[in-house]
Amino acid sequence: MSEPLNRSRLLFALAVSVLLHLLLAGGLRSFDHERLPDERTTIRAALLAPPAPPPPKAVPVPSPVAEAAPAPVQAPKRPPRPRSPKPEPVALPEPEPEVPSQPAPGDEPATTDGEHGDAMGDRELLDRAIAKGALPDRDETATLTPQRALVSEAKLEFDVFRGELAIGETRYHWVHDGSDYQMDQVTETTGLAGLLKPLRVEQRSTGEVTTDGLKPLRYVSRATQGKATEEEVVFDWDGNRVMLRAGTKQSDHALTAGAQDMLSLWLEIIWRAQVGGDFDFTLATGKRYTPRWFVPDPALGSLDTAVGRQLVRRLQARAQPGDNQIEVWLAPNLRWLPVLIRFTDRKGDVYDQRVRLIEYENLSLRAGTAGASAGTTAPFGDPVDPPPRYEPADEPANPYLR
């Protein structure tokens, strides 16, 4: 009984073992064939294909554009510029300086004023004023006449200082038609000085304007306030005599050519300064008839005024000992009108007239308004306000002080 059972069991176990081997062999084959070879190889081929095409496409696109651009630019630049056979960076900056260098000769004044205003000298400013018509050309000074040199009408106002103390004001007004002139001046004390010592003096000068200069006919000075002495000067050009009167005192003198009074002298100075050089004439007041010698500074300077910084030329009127000394600063850009007048009396006291208003033709400069812009456009060296006394290093000989 035990033998058949063992044989049947053995056969059953063998059959089960064979069946298991068959099932295992078939399952492994189907698993290896579907997963490993098919799915994994397909995925790897899809991932490696996209990155390969972009690198070759990106490299050829920029390279032909960059190489083709410089070729036409270098070709036209090199023929006109044989001295610079270098590439494009060297050829481009060279034509740029050539463009301003060609129009520069015709536009030198504008370029100099804009780029080198601080370094511009008084000579350049004077040339610019001549070009704008503010001054007569230097070639025409030989034929310059008072009719051309003097504005037909002008109004000037000055504040009067004794040292740095304001004590009054002075106003000038003149008109001329080329043959006759009339000039008026009013001087009066103001402020505290007006309360302590009221004074108002009115002056008038009338005469002729000739090609040789001013020929005053009558000068009168009257005080409407205070105790100033009335003065009068009468010029007799036909009889070559001049009559002086101060109060009740009178005197008579021989009339010299070019003689002026205390008002006409300003018109004479303005036009004679434009001619240039030293000049002299005899000055008549109601009390004295004495010569004056006018010496201009050799160079132009600058001055800060209430109507702006101005180009100026200074003249000093030398006088005999005992006479009042006069200095005047004229502004060439303002038709040579005075912007500062200084009197030094016989006692040594100094009185300054500092301009606050200038009106002539179509121009009006007033302290605190028009002068603000003028002071910022013309830096002409060191300003002097008030200017020092006129003390030249080499004093020219004065024939009236011998």
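These remarks concern the structure in this document. Going along each chain's sequence as written, the residues are numbered from 1 onward. With the structure being a predicted model, the display of local features is reserved for residues of pLDDT at least 70 and the display and counting of side-chain atom pairs for 80 or more, all residues being used for whole-chain, interface and lining totals. Side-chain metrics rest on all non-hydrogen atoms present in the structure, leaving aside hydrogens and water.

1. Structural notes on unusual backbone geometry
Point 1. Positive phi, close to 55 degrees, is recorded for Asn 240, a residue that is not glycine.
Point 2. Considering the arrangement of structural elements, one finds Asn 240 in the loop between strand 6 (231–236) and strand 7 (241–246).
Point 3. Although it is not a glycine, Glu 361 adopts a positive phi angle of roughly 50 degrees.
Point 4. Secondary structure elements are defined from DSSP: runs of H or I of at least 4 residues count as helices, runs of E of at least 2 residues count as strands, and each element is numbered from the N terminus. Examined against the element boundaries, Glu 361 turns out to sit in the loop between strand 16 (350–360) and strand 17 (363–366).
Point 5. Using a 1.4 Å probe on the protein chains alone, a residue whose accessible area is under 20% of its type maximum counts as buried, one over 50% counts as exposed, and one in between counts as partly exposed. Judged by relative accessible area, which is 57%, Glu 361 ranks as exposed.

2. Here's the deal with the environment of Thr 187
Point 1. Note on placement: Thr 187 falls in strand 3 (residues 180–189).
Point 2. Since its relative accessible area comes to 24%, Thr 187 is described here as partly exposed.
Point 3. The spacing of Thr 187 and Val 201 is 14 residues in sequence and 5.3 Å in space, taken between C-alpha atoms.
Point 4. Ignoring anything within four residues of it in the chain, the contact list for Thr 187 reads Glu 169, Thr 170, Leu 199, Arg 200 and Val 201.
Point 5. A distance of 3.3 Å separates the side chain of Thr 187 from the side chain of Thr 170, its partner in a polar contact. Contact between two residues is taken to exist if any of their heavy atoms lie within 4.5 Å; hydrogens are not considered. In the analysis that follows, any N or O atom pair within 3.5 Å is treated as a polar contact, provided that within protein one partner can donate a hydrogen and the other can accept it, and provided that, for residues neighboring in sequence, both atoms belong to side chains.

3. Comments concerning the packing of aromatic side chains
Two numbers describe a pair of aromatic rings. These are the distance of the centres and the angle of the planes.
Point 1. Paired rings are identified among Phe, Tyr and Trp, the last through its six-membered ring, by centres lying within 6.5 Å, and are further divided according to the angle between planes into stacked (under 30 degrees), edge-to-face (over 60) and tilted (the rest). One pass over the full model with this rule turns up 6 aromatic pairs.
Point 2. Ring centres 6.0 Å apart and planes at 10 degrees place the aromatic pair Phe 235 and Trp 237 in the stacked group. For the pair shown, Phe 235 and Trp 237 are each scored as buried.
Point 3. Here Phe 279 and Phe 294 contribute two aromatic rings whose centre-to-centre distance is 5.1 Å and whose plane-to-plane angle is 10 degrees, an arrangement assigned as stacked. Residue Phe 279 is located in strand 10 (residues 279–284), and its partner Phe 294 is located in strand 11 (residues 289–296); the two are separated by 15 residues in the primary sequence. Each of the two residues, Phe 279 as well as Phe 294, counts as buried.
Point 4. The positively charged end of Arg 354 is found above the aromatic ring belonging to Phe 161, 4.2 Å away from the centroid. Lysine NZ or arginine CZ positioned within 6 Å of the ring centre and within 35 degrees of the ring normal marks a charge as sitting over the ring.

4. Side note on the pairing of strand 11
Point 1. Most of strand 11 sits inside the fold, with 8 of its 8 residues counted as buried.
Point 2. Burial along strand 11 is two-sided: the residues Tyr 289, Pro 291, Trp 293 and Val 295 and Thr 290, Arg 292, Phe 294 and Pro 296 are all buried.
Point 3. Two strands pair when backbone bridges link them, and strand 10 and strand 11 are joined in this way by 6 bridges, in the antiparallel orientation. Paired with Phe 279 across the two strands is Phe 294, which belongs to strand 11.
Point 4. Any two strands are treated as partners once DSSP identifies two or more bridges connecting them. What sits between strand 10 and strand 11 in their antiparallel hairpin is a turn of 4 residues.
Point 5. Examined bridge by bridge, strand 11 and strand 13 (residues 308–318) share 4 bridges and lie antiparallel to one another. When the bridges of strand 13 are listed, Trp 293 appears paired with Arg 318.

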